[in-house]
Every structure is written in C-alpha cells, then in structure tokens.
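Analysis of the macromolecular model
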Amino acid sequence: MPVDAIYFDGQVARDRPVSVNLDSQGLTFSGDGLPPRAWRMAGLFAVDPPVKGHTLRLAHDSQPGARLVVHDEDFMAELLAIAPHLKGGFNPKRAMKFSLWIGLSLAAFAGVMYFTLNYAPQKIAVLLPEEWRERAGEQMEKALAQGAKFCTTPAGDAALSAMLASLAEGDPDMPPIKVRVYDIGLMNAFTLPGGHIVLTRGLINETSGQDEVAGVLAHEIGHAAHRHPEAQLVRIMGVEILLSVATGTSGGGNTGSLASLAAVLRSSRDAERQADTYAVDMMVAAKIDPTGLKRFFEKVLKEEGKPVNTTLSRLGSVFSTHPGTAERIGLIKPAPTSIPLKPAISDSQWTDLRKICG
Amino acid sequence: MTDSRGAPGETIQIQYVPRPGLGGLSIVNFLLTILTLGIYRFWAKTNVRKHIWSCIYFNGQPLEYTGRGLELFLGFLIVLGIFMLPFILLVFVISLAYGPEHPAIIALQILLYLIIAVLWGAAVYRARRYQLSRTLWRGIRGTLVGSSMIYSLTYFGSLLASGTSLGWSNPVLNTVLQEQIIGDMRFGNLAFKFRGRAGPLYPTYALCWFLTLVAIIAGIGIIAYEFAVLSGPELSAAFEEVFRDNPQPTPDQTWTVGTMIAVVVLTYLAIFLVIPTLWAIYTAKELATFASYTTAGNATFKLNATAGSLIALVIVNLLILIFTLGIGRPFIQQRLVRYMCDRLQVIGTVDVDAIAQSSAALSKTGEGLADAFDVGVI
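Conventions we followed
- Residues numbered from 1 in each chain as written.
- Chains lettered and ligands numbered in written order.
- Predicted model: local features only at pLDDT ≥ 70, side-chain atom pairs only at ≥ 80, totals over all residues.
- Heavy atoms only, no water.
- Helix = DSSP H or I, 4+ residues; strand = E, 2+ residues; numbered from the N terminus.
- Buried < 20%, exposed > 50% of the residue type's maximum accessible area, 1.4 Å probe, protein only.
- Contact = heavy atoms within 4.5 Å.
- Pairing = 2+ DSSP bridges.
- Axes fitted to C-alpha atoms, helices over the stretch in contact; angles between N-to-C directions.
- Domains from an automatic or database assignment.
- Buried area = accessible area lost by both parts, 1.4 Å probe.
- Salt bridge = Lys/Arg side-chain N within 4 Å of Asp/Glu carboxyl O.
- Polar contact = N/O pair within 3.5 Å; in protein donor to acceptor, adjacent residues only side chain to side chain.
- Expected span 1.5 Å × (residues − 1).
- Bend = angle between axes of the 7 residues up to and from the residue.
- Core = buried A, V, L, I, M, F, W, Y, C linked by side-chain atoms within 4.5 Å.
- Disulfide = S-S within 2.5 Å.
- Parallel < 35°, antiparallel > 145°, perpendicular 65-115°, else oblique.
- Left-handed = near helix turned anticlockwise from the far one by under 90°.
- Patch = residues over 30% accessible without salt bridge, like charges linked within 9 Å, V, L, I, M, F, W, Y side chains within 5 Å.
- Areas by Shrake-Rupley, 256 points an atom, 1.4 Å probe, with all protein chains shown as cover.
- Lys, Arg positive; Asp, Glu negative; His and termini not counted.
- Charge placed at Lys NZ, Arg CZ, Asp CG, Glu CD.

Here we come to the overall build of chain A. Check the secondary structure of chain A and you find 13 helices and 11 strands. Per-residue burial for chain A yields a buried fraction of 46% across its 358 residues. Look at the contacts in chain A between residues 6 or more apart in sequence, and 64% of them connect residues 24 or more apart.

Right under this line is the structure:
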C-alpha cells in the first residue's frame, strides 16, 4: 500500500508530494512529474531517531541533501521491522565501533603520557647543549639559594676540591661538577642542571665524618652523571605542553619559579636508586668507605620524624623521598675487605671544610 | 513588489518547538567531556546543535544540523598543529635555552596576542560559515561566500578604532561588519542583503555612553565622599589597628573600617552590574535595527528586542549556569535561540520553491580557530 510523503530532492527547496512503496529491498517513490526513484535499504538512514507519532525524516547516502518526510505510523512500523538499523539506540555494530574508539583513545593517551613522562625526558636531557644546561643550572642555583651567603674560604675550597678529586678516582668519566656550599642551616644537598651541586652548611656541620659528606656528594654526582635534573626539567615542560594542548591555552615557561624548582628537584625512586648505585660503585672504586652514605641515611631516618617547616625543606630533596630510606640503607653493602680503604680527605682538610661558612 | 499577493512566494513563519531530551543530553555530554579530558567537547557541541536546530521550524519544516563532531575535532587538530603547537614549543625551547625571563619570550607572547587579535574576526567568520554550511532546510544548505580575511582585517581595524575613539566608532564599524557578513550570506542561491546607516544607532549609543560615564563618576564620587567624611588620623589609625597582627580595635574603629570596606565593595559591585545593564539598551536597539536593515528575496526582518527582555534573558542564563555548575549550558543556548525565534518576524514573501542548492564547496573541517580562541559561538 503506497503512502503519501513529501520529497525534497536536495537540489531545490521545492517540496514535492510523492507516494512511497516499501518492500524488502528498499523504497520506491514517484510523484507528479517526478520519474520513479529507488532508495535501497543499505545507505538508508533516519535523520532523527524515529519516534512513534512523530514525522519520520529519511535520507539516503546516494543523494546528499535529499529528504523524504513521511507521517504514517503503519509505514514507520513496517519499515522499522524490515530495517531495524534505522532505530538508532543500541546497535552492536555501533557499540563495537564506539568501544574500539575509546580503547584506541586510551591507548593513545597512555602512549603520550609514557612518551612525555618516561621515554623522551632522558633522551632529550642527553642531547641538551652544554650552554643551555649551564644557564639553567646557574639560574636555578640563584633561585634555590634565595640570597643565602655563598661560603668560601681558601682552605675550605681546597678541601672540597680534594674530596672531589679523590672521588673522581672512582670514575674516570665523571662529568664536570661545580660544588658550592651555602650558609643554609637545613641539612640538605641538591643537584641542578649543568652539574651544579649545592651543599648546605647544615649538611657539613651535622654529619660526623668526611666519608658521610663524600657519600652524599657521590650520590649527587650520580644524579648529575645520569642527567636526572635535566630530564626532570624536560619532563615538567612536557607536562606543561600537554596541559596547554588540553586546555587550548598557550602556557609560558616559568621554570624560574620556586614551585617548578620543587618539581625539578623531585626525583623518582628509580632515579634515587640509580644515584645510590653510582655512589657506592664510585666510592668502592675510589677506595672510600661506602658505608659513609649509609650512616648519613641513618641520620636522615632519625631526622625524618622531626617537623621542619622552611621553604627549602618543602622543596624536598633526594633524601626525603619518604618512604624508602630504610630500604635504601639496606642496599648499601660495605666494600670487600680485600680493598684497603682511605678517608675521602684528611682530618685536617675535614676541619677546614667544616669552617667553610665561618 | 511590495504587494505580497502579487509577488511570487510565501510568507515565512518561525517557530521554536521544544522537544524532550536536552536534559539527558546535557548530562551525558558533561560526563563524557570530563572522562575524555575535554576531547569529547566537539561531539558534545554537535549533539546539542543537532537537538536545537531540529526544534527550529520555518513554515512547518525543521532545520537540520548535519555537522559532525569529527569535523570540529579535525579543525581543532589543524589549528593546534600549525599555529598553537609550534608557538608553545618555541616558547619552551627558548626558556630552556636562555631562561624564562628572556625578552624573546615576552616578544613572542605579544606577537601571539597580536595574531589572535588579527585573526579573531576570521575565527568568527569561519565558524559562522561552517555552521551555515551544515544547516539544512528543505534539503538546502547555507553558506558565506566572501573572504574571512577581509572580515578579519575590518574586525581588527574596528578594535583599534574603538580603542582610540573611546568606543564612539562602534556603531559605524559594527554596521560595516554586519553589512559584510550578511551581504556574504546565502541560503542556497538566495542572497541576503544588508542596507542601512549607523546614524539611527547614535542617539541610543550616546545615551548609554554618557550614562556609563555618570555611573563611573558617581561611583568614584561615593567612595571619595566616604573617604573625605571619615578622613584624618583616626581613619588610618583604625585601619592600622584592625589589620595588625594581634588586633584589639575599639567598636568605633571596627565600625569605621567595616563601613568603609562595605561602601567600596558595594559601589564596585553596583558599577559592574549597572554598566552591562545600561548597555542592554544599546544592544537591543542594535539587534532590532540590524534586523530591519536585512532583506532576503522580497522579505525583510523585524526583531522585537527590548532591553528588559535581554537583561532577563542574560540574568536567568547566568543563574542556570551557576546553579547547574555549567552542566546546563545547552539550555542557555536553547534560550538564546528561542529568544530570537520567538521575537523574529519575516515581513513579505520569499519564493521558496525557486531556491536552488548552493554550489559552494563544503569544507571538511570546522571552527578550529574559534575553538582555539574560545570565540563565543553556540
């Protein structure tokens, strides 16, 4: 039984009354002065999901813009029985496609995150030119010191150089290092890009022997050798780029701020383990007692209970990646007894170093 | 031609027929947008447009929105790839190499704002063109046939002129911009025309401009008067007492400082409520005037926009936005569209049967710039 409909051909806005026939193959319709047309079931779609009692608007892939408007409930029911795909709603094929898209998006997201956080930073850090690293390290050292006094005495500097030199015996490929001591009470040490290492007065005063400071210094050299600060800097920038992409804004690089400094100084557990391993290997090869680092960690463990509330302590440091200090202590083994150990610097040099901040 | 019985064609009735489903759509869109970290917004926007468009009836036939979320997403990716990403990377490389305070970064940022200002008009124009080309009525789609760059340069020029003339160039240049975009508008092969002068807008503009000036001067005056009345050493002593580390003010001092702050805050708030409200008078006048300057076929338009109804529209929209935490945004869009549909009349006739399909090419992507700049489009 043909039903009446209105046809727009997609070429002119004129409406044409047509009568439509439905069979299992598709629709055929014709009208006044209009040659018969056929729309096959494949490619047929409803513009809006069909609702009982409402007008049904049909379209076909083969004729963009053309519309067939039918207002007949029996016709709609019959058509939906033959072509349930017009109903919209749950459709296994569409649901599959949708899940596939979601799966792909999640995989792409995971891939981008892995690349930005884990893969790229270390690779890019190695490629960064010397001058860039140097400049970043210089600026960050200034931000870190916050105007604290730079400690230097001829004898103290000589003691520090001697300590570096005896550690360097443990690694002929040691990267160039610039160690500076600042008059900061907190017990801490930091490694910045470009091999800049900052030691605090608190660290030198509260340790009970030269080998403890040497252990800390070797650990920091480990960070510098692995370029951890540079990688962290690149990582932060990557995250900022991702954020600007997601929010559609153009972020400015504000790597000079204290907040981003804190982020640069935060190392992952893996990075800490790498630096510890480097430090122990270096000290054993340099014939310095590696348990100096262990004793230092034990001291840190005792300190960790105490509340401290200064800007520098909030920056976090390699020592306060809590929890894990106990685990790290366990990983430091004494040097084999066959190796004759010597102190990192002489006792008189150690006295000079302790007086470096006056 | 003025006799509608003699002219070919039919009169046009505009109707907004709401249908259920927008609430559910809003919630699903909101959840999926959050779950996908914002990427779903292109599909969300598309779904809302499909719904709203299908509620707009011209002579019993609804509009149809045929755009796809993927087209908007690709438009976003293109703008991101060729415009935003290189810029962001450049800023990061420079800040890595020379430090974050290097003047080149500030220069780049200024350059970016300049580029955005120059391209803002293009973003508006291209978004409008995309939406028209995805709008179907009786199987026929619309388009804009002109150049988005000419519009964009005019737009940029109007920004500069507005700044230097303290806003007095706005009516003239808004008219010029409207003339460009309406003159470029087509529905199929039916051309829209815009003809009219900015002169009639000026009395209303002047009224709003001077009332704004009076409001600002009054606000400053109230604050200055308050300071003058309470001035002297007692005032600064009271402020010092209340804001020191361990305050022990006398009740008198508390009262003085309290009134002072209350007056400043209330005056400030009043100015920021009064000024936009004042400008609704001009906006209503401009909307109605521009509608009356527009023709299509033998028809002209009449928009019954009033300041009161615009203010009510905006205030209710703000309340919806606040109380639904942004989830109800589709309803705001529906209300804006509905406002136009309910108040727009087509006077005269259009020969609908003679309108043929537009031959303008269809772009594959849309609205990248508008999304990047966050141009306010529905």
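Now that the structure has been shown, the text picks up again.
This part is about the sheet that holds strand E6 (residues 185-187) of chain B. Residue and element names in this part refer to chain B. Across the sheet, 10 strands lie side by side as E1-E2-E3-E4-E5-E6-E7-E8-E9-E10; this open sheet has antiparallel pairing. Either end of the sheet is taken by a strand with one partner, and the two such strands are strand E1 (14-16) and strand E10 (344-347). Between one strand and the next, the sheet's axes are offset by a mean angle of 30 degrees, whatever the strand orientation. Pairing of strand E5 (residues 140-144) with E6, which is carried by 3 bridges, proceeds in the antiparallel orientation.

Attention now moves to the domain arrangement of chain B. Residue and element names in this part refer to chain B. Segmenting chain B into domains produces domain 1 (1-65 + 297-354), domain 2 (75-189 + 362-378) and domain 3 (199-292). Centre-to-centre separation of domain 1 and domain 2, based on C-alpha positions: 23 Å. The contact between domain 1 and domain 2 buries some 1,500 Å² in all, and 57% of this surface belongs to carbon and sulfur atoms. The interface formed by domain 1 and domain 2 contains 0 salt bridges. Viewed at the interface, domain 2 and domain 1 are joined by 4 residue pairs in polar contact (both at pLDDT 80 or more). For the side of domain 1 that touches domain 2, the secondary-structure elements that each account for two or more residues are helix H2 (41-53), strand E3 (61-65) and helix H11 (329-343).

All right, on to helix H4 (residues 103-133) of chain B then. The terminal C-alpha atoms of H4(B), which comprises 31 residues, lie 44 Å apart, in line with the 45 Å expected from a rise of 1.5 Å per residue. Where H4(B) bends most, the angle comes to about 45 degrees, and this point is B:Leu119.

Ranked by internal contacts, the top residues of the largest apolar core, which has 71 residues, are B:Tyr16, B:Phe192, B:Val350 and B:Ile355. Residue contributions to this core peak at 12 residues, all from H4(B). The contacts of B:Ile355, once residues within four sequence positions are left out, are A:Gln11, A:Val12, A:Ala13, B:Ile140, B:Phe187, B:Gly188, B:Asn189, B:Leu190 and B:Val350. Membership of the second largest hydrophobic core comes to 41 residues, among which are A:Val181, A:Leu217, A:Ile332 and A:Ile356.

In this section: the state of the cysteines. In the structure shown here, the tally under the stated rule is 1 disulfide over all chains. Between the sulfur atoms of A:Cys151 and its disulfide partner A:Cys357 the distance amounts to 1.9 Å. Its S-S torsion of approximately 95 degrees makes the covalent link between A:Cys151 and A:Cys357 right-handed. Here A:Cys151, found in strand E8 (residues 150-151), pairs with A:Cys357, found in the segment after helix H13 (347-354); they are 206 residues apart in sequence, far enough to count as distant. Note on A:Cys357: relative accessible area 10%, which makes it buried. Of the cysteine sulfurs around B:Cys55, a residue in no disulfide, the closest is that of B:Cys341, at 9.4 Å.

A few words on the pairing of strand E2 (residues 16-22) of chain A. All names here are of chain A. The alternating pattern of E2 places Arg16, Val18, Val20 and Leu22 on a buried face and Pro17, Ser19 and Asn21 on a face that is not buried. Pairing analysis gives 5 bridges linking strand E1 (residues 3-8) to E2, with the strands arranged antiparallel. If you follow Ile6 over to E2, its bridge partner there is Pro17. Both E2 and strand E3 (residues 26-31) contribute to a ladder of 5 bridges, which runs antiparallel. Counted as the bridge partner of Ser19 is Ser30 from E3.

A few words on unusual backbone geometry. Unusually for a residue other than glycine, A:Arg227 sits at a positive phi of about 55 degrees. Residue placement: A:Arg227 occurs in the loop between helix H6 (210-225) and helix H7 (228-247).

In this section: the packing of helix H10 (residues 307-323) of chain B against H11(B). Residues and elements named next belong to chain B. Packing of H10 against H11 brings their axes to within 9 Å, and their N-to-C directions diverge by 165 degrees. Accordingly, the angle class assigned to the pair H10 and H11 is roughly antiparallel. The hand of the H10/H11 crossing is right-handed. Between H10, through Ser309, Leu310, Ala312, Leu313, Val316, Asn317, Ile320 and Leu321, and H11, the contact on the second element is made entirely by Arg329, Ile332, Arg335, Leu336, Tyr339 and Arg343.

Below, the discussion takes up the sheet that holds strand E9 (residues 178-182) of chain A. Residues and elements named next belong to chain A. Taking strand neighbours across the sheet as the criterion, the 4 strands line up as E8-E9-E11-E10 in an open arrangement whose pairing is mixed. Across the chains shown, the open sheet's two edge strands, defined by having one partner strand only, are E8 and strand E10 (189-192). In terms of strand pairing, E9 meets strand E11 (residues 196-200) through 5 bridges, oriented parallel. Of the residues in E11, the one forming a bridge with Val181 is Leu199. Contacts between H6 and the sheet are confined to E9, E10 and E11, with E10 contributing the most and set at about 20 degrees to the helix.

Together, A:Lys93, A:Arg94, A:Lys97, B:Lys50 and B:Arg68 make up a region of like positive charge exposed at the surface. The exposure class assigned to B:Arg68 is exposed, which follows from its relative accessible area of 51%.

Counting residues at the interface gives 36 residues for chain B and 34 residues for chain A. Both faces considered, chain B and chain A share a buried interface measuring about 3,000 Å² in area, 63% of it formed by carbon and sulfur atoms. On the chain B side of the contact with chain A, B:Phe92, B:Leu96 and B:Arg138 bury the most area, a combined 23% of that side's loss. Summed over the shared surface of chain B and chain A, the result is 3 salt bridges. Among the ionic pairs, A:Arg67 bridges to B:Glu64, the shortest N-O distance being 2.3 Å. Between chain B and chain A we count 6 residue pairs in polar contact (both at pLDDT 80 or more) in total. The set of elements that each furnish at least two residues to the side of chain B that touches chain A consists of E3, helix H3 (69-98) and H4 of chain B. When residues in the side of chain B that touches chain A are grouped by element, the largest group, 14 residues, is from H3(B).

One side chain can pair with another of opposite charge once the charged atoms of both are near each other. All chains considered together, the criterion is met by 16 salt bridges over all chains. Linking A:Arg57 and B:Glu64 is a salt bridge whose minimum nitrogen-to-oxygen distance equals 3.6 Å. Highlighted residues: A:Arg57 in strand E6 (residues 56-60) and B:Glu64 in strand E3, drawn from two different chains. Of the two residues, A:Arg57 and B:Glu64, neither departs from the other in class, the shared state being buried. The partner of A:Glu212 in a salt bridge is A:Lys299, and the shortest N-O contact between them spans 3.2 Å. Highlighted residues: A:Glu212 in helix H6 and A:Lys299 in helix H10 (residues 291-303), separated in sequence by 87 residues.

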